[in-house]
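Examination of the molecular architecture
Here is what each chain is made of, one letter per residue.
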Amino acid sequence: MNLKFIKEYWNNTAKKSNANCLVSPTSRDPYLAKLERNFIISGLKKNYNCLEIGCGDALNTIYYVDKVKSIIATDNSEKLLKIAKNKANINKKNNLDFQNISALDLPESFNNKFNCVISQRCIINLGNWNNQKKTIRKIHKSLKKNGVFILTEGFEDKLKNLNKLRQKFNLNKINVAKYNKFLTTDKFDNYIKKYFIIKKIHNYGSYIILSHLFHPLIVSPSNPKHESKINKISMDFQENNILDKNLLKKYSYNLGYMLIKKNY
Ligand SMILES: C[S@@+](CC[C@H](N)C(=O)[O-])C[C@H]1O[C@@H](n2cnc3c(N)ncnc32)[C@H](O)[C@@H]1O
């Protein structure tokens, strides 16, 4: 996949950014984004110096920065970074620095610098598995001893499970966006084990099933809307563990990982 095309796509989304709108161009599913955010926050500590890759318009970053000592938030879309900087100024976030850096080119000056690296759907924007592996290695280098890598990303095998189920109810297949390359759990788990200890894998299965199976069936033939009340209730189900938290994990096309740097 062409990295120039991906960059152009994200620069173009910046034009659609609207602070008063629940759905943001970088997080089109606002309730899933909130679940992701809560997962990321659960791993942050007040003494952490953090790096975020693919911060976008800082929709989520401005929440993270209150939970840690500092964040260097990076992205390669200059247009989204401009919005992010404005947002940080309006919200008076002084411990937040934005830098225009591609996740593929994290500089050597970042080596052993951070207690924590955050990626919220950035790695799926790197075009292919080779690039994704390269960034994972760079992140490993940028972490201090016992540093934490928190990511929440798309997984194609889980999406396939969801699509099989949707098909049984005559719902259309959900396709991965053309600018994304989803990960595969087996391949990903095998690779990261070389560099990290897996502390936690978090799934959003109940939210996904309620919002992406139950919801479209209820509103059919109309289209489901990400910002609808059903999705808000689906988020509450997920957040409050109403359903067994592992019951629906095979349908969770987005997974959160908390990883600890292996030192060698
Ligand atoms: C799905 S958005 C997520 C934005 C933000 N993390 C959030 O959750 O709202 C993906 C972000 O990755 C950024 N991105 C894409 N390719 C990148 C690269 N090579 N290096 C850094 N950021 C990149 C995009 O510009 C975009 O801001």
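Below: a short report on this structure. Every chain is numbered on its own, with residues counted from 1 as its sequence reads. In view of the model being predicted, local features appear only for residues whose pLDDT reaches at least 70, and side-chain atom pairs are presented and counted only at 80 or more, with totals across whole chains, interfaces and linings using the full set of residues.

**Regarding helix H5 (residues 129–142)**
Look at H5: 20 Å from first C-alpha to last across 14 residues, which is about the 20 Å you get at 1.5 Å a residue. Put simply, a residue is buried when 20 or more other C-beta atoms lie within 10 Å of its own C-beta and exposed when 12 or fewer do; between those, it is partly exposed, and each C-beta is set from the backbone. Helix numbering and strand numbering both begin at the N terminus, where a helix is a DSSP run of H or I of at least 4 residues and a strand a DSSP run of E of at least 2. Within the span of H5, buried status applies to Gln132, Thr135, Ile136, Ile139, His140 and Ser142. When H5 is viewed along its axis, its buried side chains cluster within an angular range of 165 degrees and face the same direction. We call two residues in contact whenever the C-beta atoms placed from their backbones are within 7 Å. Packing partners of the buried residues in H5 comprise strand E1 (49–53), strand E4 (114–120), strand E5 (143–154), helix H7 (185–192) and strand E7 (254–261). One less than the number of residues in a helix, times 1.5 Å, gives the span that helix is expected to have. Working note: the arc is built from the helix axis to C-beta atom directions.

**A word on the site of the ligand**
The criterion for a residue being near a molecule or strand is a backbone-placed C-beta atom within 6 Å of that molecule or strand. Taken together, the neighbourhood of the ligand is formed by 22 residues, with Trp10, Gly54, Gly56, Ser77 and Asn125 sitting nearest. Residue type decides the class: Asp, Glu, Lys and Arg count as charged, Ala, Val, Leu, Ile, Met, Phe, Trp, Tyr, Cys and Pro as nonpolar, and the leftover types, Gly among them, as polar. A per-class count over the shell around the ligand returns ten nonpolar, ten polar and two charged.

**Looking at the sheet that holds strand E6 (residues 196–203)**
Paired strands, as defined in this entry, are two strands with at least two bridges between them according to DSSP. Taken in spatial order, the seven strands line up as E3-E2-E1-E4-E5-E7-E6 in an open sheet, and their pairing is mixed. Of all strands in the sheet, those with a lone pairing partner are strand E3 (96–100) and E6, marking the two edges. For this sheet, the mean angle separating the axes of adjacent strands, direction not counted, is 15 degrees. Only the contacting stretch of a helix is used when fitting its axis, a line to C-alpha atoms as for every element, and angles between N-to-C directions run 0 to 180 degrees. Contacting E1, E4, E5 and E7, H5 crosses the sheet at an angle of about 145 degrees to E5.

**Comments concerning the nonpolar core**
A general trend in soluble globular proteins is that nonpolar side chains are found buried together. One nonpolar core equals one set of buried Ala, Val, Leu, Ile, Met, Phe, Trp, Tyr and Cys residues connected by C-beta atoms within 7 Å. Ranked by internal contacts, the top residues of the largest apolar core, which has 65 residues, are Cys50, Ala84, Cys116, Val117 and Phe149. Top element by residues in this core is helix H2 (residues 30–41). It accounts for six residues. When near neighbours in sequence (up to four residues on either side) are disregarded, Cys116 contacts Leu44, Tyr48, Cys50, Gly147, Val148 and Ile150.

**What about the pairing of E7?**
In terms of burial, E7 is a largely internal element, seven of the eight residues being buried. Where E5 lies against E7, seven bridges are found, and the strand directions are antiparallel. The residue of E7 that forms the bridge with Ile150 is Met258. Of the pairings in the sheet, the one linking E6 to E7 comprises seven bridges and is antiparallel in character. Within E7, the residue paired with Ile197 across the bridge is Ile260.

Nothing here speaks to function; it is all geometry.
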